[in-house]
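Examination of the molecular architecture
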Amino acid sequence: MSSNLDPDAIRSICEQACGFLDVPGGIPRSADAVQQLVFTVGAEVGGRDIRRQIGGPALSWWQIEPATAIDCDSSWLRYRTPVRDAIYRHLSHGMSLVDGVYDDPLVAAMIARVWYRRQPFKSFAWPDDIGGQARIWKEHYNTPLGKGTEREAVERYMAWVGPDYHPLDGGE
């Protein structure tokens, strides 16, 4: 049985991840990027502590497939040394990136942020625009080929965080 994750704890992990990637030559931190990562946990696992997809390859609360992590590394991070270094600093000695995605939520959040950064959209939705976050999640993360729908993603997210959760207040 999986337990529910604390939305504020997930937000803290997402803020840390975005902060670690905000290095010279890196990915600028923003409140909307942090919220998109929080939303993604709600959309992907409904805020439940599921680190391995049931019946599939995806890993972590962000449900990152090993092939996605490897692709991020070989076709994007290898050309962006500051970002790659920020991520690899958080891997235990000798740990692969895929193992890091599974074992360390901070590494998984950074790879999810890299995935979103690689996508061809101009900006994230405002932190309080849940419908906009669902559209970005579906189009660029779950993709049109994925099983999830925007409506299901919003329902899972809202069931997890509750109606009183305010992303602009850090969840309070």
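I will try to describe carefully the structure that is included in this document. What you are looking at is a predicted structure, and each value in this text was computed from that prediction instead of being measured. (Residues numbered from 1 in each chain as written. Predicted model: local features only at pLDDT ≥ 70, side-chain atom pairs only at ≥ 80, totals over all residues. Heavy atoms only, no water.)

With respect to helix H3 (residues 66–75)
In plain terms, the rule: Between buried and exposed lies partly exposed: a residue is buried under 20% and exposed over 50% of the maximum accessible area for its type, with that area taken using a 1.4 Å probe on protein chains only. Runs of E in the DSSP output that reach at least two residues are strands. Runs of H or I that reach at least four are helices, and both are numbered from the N terminus. What the arc measures is the spread of directions leading from the helix axis to the C-beta atoms. Throughout, a contact is declared for two residues whenever any of their heavy atoms are within 4.5 Å.
Regarding H3, the residues found buried are Ala69, Cys72 and Asp73. Around the axis of H3, the buried residues are gathered within 95 degrees of arc, so they sit on the same side. Residues Ala67 and Ile70 are exposed on H3 and point more than 90 degrees away from its buried face. The inward-facing, buried residues of H3 contact helix H4 (81–88), helix H5 (97–103) and helix H6 (105–118).

Brief notes about helix H2 (residues 31–45)
Filter applied, for reference: By this rule, a helix spans an expected 1.5 Å times one less than how many residues it contains.
Across its 15 residues, H2 extends 22 Å between first and last C-alpha, which sits within 8% of the 21 Å expected from 1.5 Å per residue. Of all the 15 residues making up H2, 12 are buried; the element is thus mostly covered by neighbouring parts of the structure. Of the surrounding elements, those touching the buried residues of H2 are helix H1 (7–21), H6, helix H7 (130–142) and helix H8 (150–161).

What about the nonpolar core?
Keep this limit in mind: In this text, buried Ala, Val, Leu, Ile, Met, Phe, Trp, Tyr and Cys residues form a nonpolar core when linked through side-chain atoms within 4.5 Å.
If you look at the biggest cluster of nonpolar residues, it comprises 55 residues, and the most contacted ones within it are Ile10, Trp62, Ile64, Ile87 and Ile111. Of all the secondary structure elements, the ones that give two or more residues to this core are H1, H2, H3, H4, H5, H6, H7 and H8. The contact partners of tryptophan 62, leaving out residues within four places of it in the chain, are Ile10, Ile13, Cys14, Leu37, Thr40, Val41, Glu44, Pro105, Ala108, Ala109, Ala112 and Tyr141.

A word on unusual backbone geometry
The phi angle at serine 60 is positive, at roughly 80 degrees, despite the residue not being glycine. You can see serine 60 is positioned in the loop between H2 and H3. Classification of serine 60 as buried rests on a relative accessible area of 3%. With a phi angle near 70 degrees, threonine 143 is a residue other than glycine that sits in the positive phi range.

With respect to empty space enclosed by the protein
Over the atoms, a rolled probe matching the size of one water molecule traces out where space is still vacant. What counts here: Of the grid points, spaced at 1 Å and generated over the protein atoms alone, those admitting a 1.4 Å probe that cannot get out make up cavities, while open sets with protein on both sides within 12 Å along at least five of seven lines make up pockets; any residue with an atom within 4 Å of a point is treated as lining. Grid points are joined across faces, edges and corners, and a volume is the space filled by probe spheres set on the points. For this classification, the nonpolar set comprises Ala, Val, Leu, Ile, Met, Phe, Trp, Tyr, Cys and Pro, the charged set comprises Asp, Glu, Lys and Arg, and every other residue, Gly included, is treated as polar.
On inspection of all chains with the given rule, the structure shows 1 cavity of 30 Å³ or more. Empty space within the largest cavity amounts to approximately 30 Å³. What lines the largest cavity is Arg51, Ser60, Trp61, Trp62, Val101, Tyr102, Asp104 and Pro105. Classifying every residue of the lining of the largest cavity gives 5 nonpolar, 1 polar and 2 charged.

Side note on the environment of alanine 125
Of note, alanine 125 is situated in the loop between H6 and H7. By relative accessible area, alanine 125 is classed as buried at 9%. Sequence spacing of alanine 125 and glutamine 35 is 90 residues, and the spatial spacing of their C-alpha atoms is 9.0 Å.

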